[in-house]
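One letter stands for each residue in the lines below.
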Amino acid sequence: MGICLRKAVYAGTSQKPSCIIQEILKSGRIYNPISLRHYQCVYEKGISTSTLEDIHKSQTPSLILSKNHCTTYQTMSLHVKARCEVYPRTQDVKRFIVPDDKVPWSVDFPEYDPIDYTSKSVASQPVWADSPDPATITFNCIDKSCNSDRRSNEGNYQVINGCPRNPRGRTGCKGRGTLGKWGPNHAADPIVTRWQRDSNNEIVKQDGKPVLEFVAVQRRDNGEWALPGGMVDAGENRTATLTREFGEEALNSIDATPERKAQIQKLLTEFFKNGKTIYKGYVDDPRNTDNAWMETKAMNFHDEQGTSVGAFSLHAGDDAADVKWMPIHKGLKLYASHIDFIRRTVENHGAYW
């Protein structure tokens, strides 16, 4: 793959291969083979080597090109979990198989025949779900009729025959699956961290670097460990979502006494005042379809001394079966794209990975 990739990236240019290509190949940030055609496109459009380096350093999953390049170019990663063989929470809803090189809509795939699936719970039109007919919805804007944000962090997405099209490509399934909204379904994920400490309250180190811990919850639906995030309610700002979801899933604020609820709210309101945005965009989620997909804003809230949220007792609640402080290392297996958010958090803190 490396040789072909180098040839493709520098096709039609006088530039010599730079060390950035080797770095990318070794880093693990390309999770699947990327179509050579896409790399050739980059240079046909005059994108420089330095731009590729910038993408790699930031680990940005997509790049909106400048006004001179009016195309959205998908860079380092193809969605993988969004192409899982069997759709989540089903036994017989199998996706149409989409090879890596056929994921982008720009690649011809005439035999593509995705299964059409929308769960009964969504089709019954609960208050959080859209109308079954997407043609009644205006996309790529704030939908004032229901105060929903139909905009994508990936930029404007295509609407084909009234249906929004997943900006990251084919998934093997059309419809909404278990997602309530046509198009982007916005979530917020709090990454709450502290330093791991020993019995003497000294920060634990591995390979000379401090070890971070984060609050992880175990999902009831599939048993996977994840960040304690959730969907953004209509008209709700992201900070409110982060506070609410963390309180419900990690501190069980729903079942708390009035006194404890007030204590939790006071603590979280203060703690969540200052956070660092780790990621904002598309999520490689197994629930995604060709017409509905997850996007999130992941923010890191760090308790440096471990005396705020870091000292609070955790209690699983709402959609969480369990909750705990989990030491961070590269071997973690987490839900959806959450491991990517954790890795970025580690890099920001210069912590052990």
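Look up a bit, the structure's there.
Attention here is on the structure that accompanies the text. Residue positions are counted from 1 within each chain, in the order its sequence is given. Per-residue local features are limited, in this predicted model, to residues with pLDDT of at least 70; the limit for side-chain atom pairs, both in listing and counting, is 80 or more; totals at the level of whole chains, interfaces and linings are taken over all residues. The basis for every side-chain value is the complete set of non-hydrogen atoms in the structure, without hydrogens or water.

### Points about the overall build of the protein
- Secondary structure elements follow DSSP: runs of H or I no shorter than four residues count as helices, runs of E no shorter than two count as strands, and numbering proceeds from the N terminus. Assigned secondary structure in the protein consists of eight helices and 17 strands.
- Considering only residue pairs separated by 6 or more positions, the protein has 68% of its internal contacts joining residues 24 or more positions apart.
- Of the roughly 17,500 Å² of accessible surface on the protein, 48% is carried by carbon and sulfur atoms. The contact criterion used throughout is that any non-hydrogen atoms of two residues lie within 4.5 Å. In short, Shrake-Rupley with a 1.4 Å probe defines the accessible areas, and a residue's cover is counted only from the protein chains shown.

### Here's the deal with the pairing of strand β9 (residues 183-195)
- Exposed residues in this analysis have more than 50% of their type's maximum accessible area, buried residues have under 20%, and partly exposed residues fall in between, with area computed by a 1.4 Å probe over protein chains only. Within β9, 13 of the 13 residues are buried, leaving the element largely enclosed by the surrounding structure.
- For β9 and strand β14 (residues 230-231), the ladder comprises two bridges, and the chain directions are antiparallel. Opposite A188, over in β14, you have G230 as the bridge partner.
- Whether two strands pair depends on DSSP finding at least two bridges between them. Here β9 pairs with strand β12 (residues 212-219) via three bridges, running antiparallel. Its bridge partner lying in β12, R194 is registered against E213.

### Quick notes on helix α7 (residues 258-271)
- Compared with an ideal rise of 1.5 Å per residue, which puts 14 residues at 20 Å, α7 spans 20 Å between its outermost C-alpha atoms and is within 8% of the ideal.
- For α7, the complete set of buried residues consists of I264, L267, L268 and F271. Down the axis of α7, the sector holding all buried residues measures 90°, keeping them to one side. In α7, the exposed residues that point more than 90 degrees away from the buried face are P258, E259 and K266. A helix is expected to reach a length of 1.5 Å times the quantity of its residues less one. What the arc covers is the set of directions going from the helix axis to the C-beta atoms.

### Describing the environment of S124
- With respect to the helices and strands, S124 occurs in the loop between α5 (120-123) and β4 (142-143).
- What makes S124 exposed here is its relative accessible area of 53%.

### Brief notes about the side chain of S152
- Position of S152 among the secondary structure elements: in the loop between β5 (148-149) and β6 (159-160).
- Since its relative accessible area comes to 12%, S152 is described here as buried.
- Other than its neighbours up to four places away in sequence, S152 contacts Y157, P184, W293 and E295.

### Let's talk about the pattern of salt bridges
- A pairing counts as a salt bridge when a side-chain nitrogen of Lys or Arg comes within 4 Å of a carboxyl oxygen of Asp or Glu. Applying the stated criterion to the full structure yields 16 salt bridges.
- With its nearest N and O atoms 3.7 Å apart, the salt bridge here joins K102 to D101.
- A relative accessible area of 41% places D101 in the partly exposed class.
- A salt bridge links D149 to R151, with the nearest nitrogen and oxygen atoms 2.9 Å apart.
- According to the relative accessible area criterion, D149 is partly exposed, its value standing at 22%.
- R151 gets classed as partly exposed once you look at its relative accessible area, which sits at 43%.
- Through salt bridges with shared partners, one network takes in D130, D143, R150 and K181.

### Points about the environment of C173
- Mapped onto the secondary structure, C173 falls in strand β8 (residues 173-177).
- What makes C173 buried here is its relative accessible area of 0%.
- The sequence separation of C173 and D116 amounts to 57 residues, and the corresponding C-alpha distance is 5.9 Å.
- If we ignore the near neighbours within four places in the chain, the residues touching C173 are Y87, R95, Y112, P114, I115, Y117, T289 and D290.

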